[in-house]
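Reading the structure
Here is what each chain is made of, one letter per residue.
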Amino acid sequence: MAISYKDSGVDVERGYQAVKLMKEHVKSTYTKGVLGDIGSFGGFFQMPEGMKQPVLVAGTDGVGTKLKYAIIADRHDTIGIDAVAMCVNDIVCQGAKPLIFLDYFATGSLSPEKVATVVSGIAEGCRQSGAALIGGETAEMPGFYPEGDYDIAGFAVGVVDKEKIINGSTIKSGDVLIGLKSSGIHSNGYSLVRKLFGEDINALEKYDEELGAKPIDVLLTPTRIYVKSILALIEKVKVKGIAHITGGGFIENIPRIFPEGIGCEINTKSYEVPAVFKALQKKAGITDAQIYNTFNMGIGMVVCVSQENVETAIAQLEATGENCVVLGKTVKGSGVKLL
């Protein structure tokens, strides 16, 4: 008896249908550097001109177990924004303009409509960041993923002129840290979030007075993409360092941009911590140090500038739609001190 590839659980026709459905979303991200079309074995992108020494900056990431909430809520249109955000927000920290993005989608049984919906979110993230979605991979892996489950990851490449790379090397004591507010939890800490909020969709769909919203709406709010605001800022102001606040929160991520011998003081009273983080801390029963070492606490990006550039930087960021706060300052020493 003959056994076909389809009999083993892989239906190539569904793959063809998925590509057909996602084409419109992909093409909506194309910029002038894109060469060719979807369907080639490799994606082509022509490097922009005008740089003395162009340097490529690459980053890759996924969205972690936040995916579980998208799956149990059957909402798949924004999780792709998270996948893009986690990559492009990283590379813009070096001053790099995102050029291209590639995605990886894997599932046990391919639903063309579902993958197309996920890709629509990826395309939205690419449009928000100015990156072109020039390729990707859709893998059907029967017996590997539970029914209905899937995983996504992304890979971004950007470019920056070598002389304009932002690496934190000029940061010194007395510089100022400006926080750019987040849209919520973003895409980190969800293994803990799931333990605290649970996975009962009926409970998650009920209005929560403490949150002022349905938990599922808060938990699936997509990660804010800061790329265009940051790129506009570095054209106006000398930015010394930029930290993307992801897993590890303030404690791990902010010191990554400091040279040896520099630490910082953070005024935790300088802004109102969003309700979801207060609820998480209350449910977990953990200390300030622990929660600031886990979540972004309402600040998705931190920019370091000299004291004389603070007002100009904040005005520029607010002009591009960011909500900012003077978060703290650098000091001699190491690590993060929460005040």
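1. Considerations on helix α4 (residues 112-129)
Taking 1.5 Å per residue, 18 residues should reach 26 Å; α4 reaches 26 Å between its end C-alpha atoms and fits that length. Of the positions making up α4, those classed as buried are P112, V115, A116, V118, V119, S120, G121, I122, A123, G125, C126 and S129. G130 lies just past α4 and shows a positive phi near 80°.

2. Some points on the sheet that holds strand β4 (residues 97-107)
Read from one edge of the open sheet, four strands run β3-β6-β4-β5, paired in mixed fashion. The sheet is open, and its two borders are formed by β3 (54-62) and β5 (132-140), each paired with just one other strand. Neighbour to neighbour, the strand axes of the sheet diverge by 15° on average, direction disregarded. In this fold α4 packs onto β4, β5 and β6 (150-161), with an angle of close to 165° to the strand it touches most, β4.

3. So, the side chain of N296
Mapped onto the secondary structure, N296 falls in the loop between α11 (288-291) and β10 (299-305). According to the relative accessible area criterion, N296 is buried, its value standing at 2%. In this structure the side chain of N296 is engaged in a polar contact, spanning 2.9 Å, whose partner is the backbone oxygen of G184. Every residue in contact with N296, bar those within four places of it in the chain, is listed here: S182, G184, I185, H186, I245, F250 and F277.

Each value, and the rule that gives it
- Each chain carries its own residue numbering, running from 1 in the direction its sequence is written.
- Per-residue local features are limited, in this predicted model, to residues with pLDDT of at least 70; the limit for side-chain atom pairs, both in listing and counting, is 80 or more; totals at the level of whole chains, interfaces and linings are taken over all residues.
- No hydrogens and no water enter the side-chain calculation; it runs on all heavy atoms of the structure.
- The way it works is that DSSP assigns letters per residue, a run of H or I at least four long becomes a helix, a run of E at least two long becomes a strand, and they are numbered from the N terminus.
- Each helix should span, by expectation, one fewer than its residue count multiplied by 1.5 Å.
- For the exposure calls, accessible area comes from a 1.4 Å probe over protein chains only, and a residue counts as buried if that area is under 20% of its type's maximum, exposed if over 50%, partly exposed in between.
- A pair of strands is considered paired only if DSSP assigns at least 2 bridges between the two.
- Structural elements are reduced to axes, namely lines fitted to C-alpha atoms, with helices fitted over the stretch in contact, and the angle between N-to-C directions of any two is expressed from 0 to 180 degrees.
- Should any heavy atoms of two residues lie within 4.5 Å, those residues are considered in contact.
- Identification of polar contacts relies on pairs of N or O atoms within 3.5 Å, with a donor-acceptor requirement for protein atoms, meaning one able to donate a hydrogen and the other able to accept it, and with residues adjacent in sequence counted only if both atoms are side-chain atoms.

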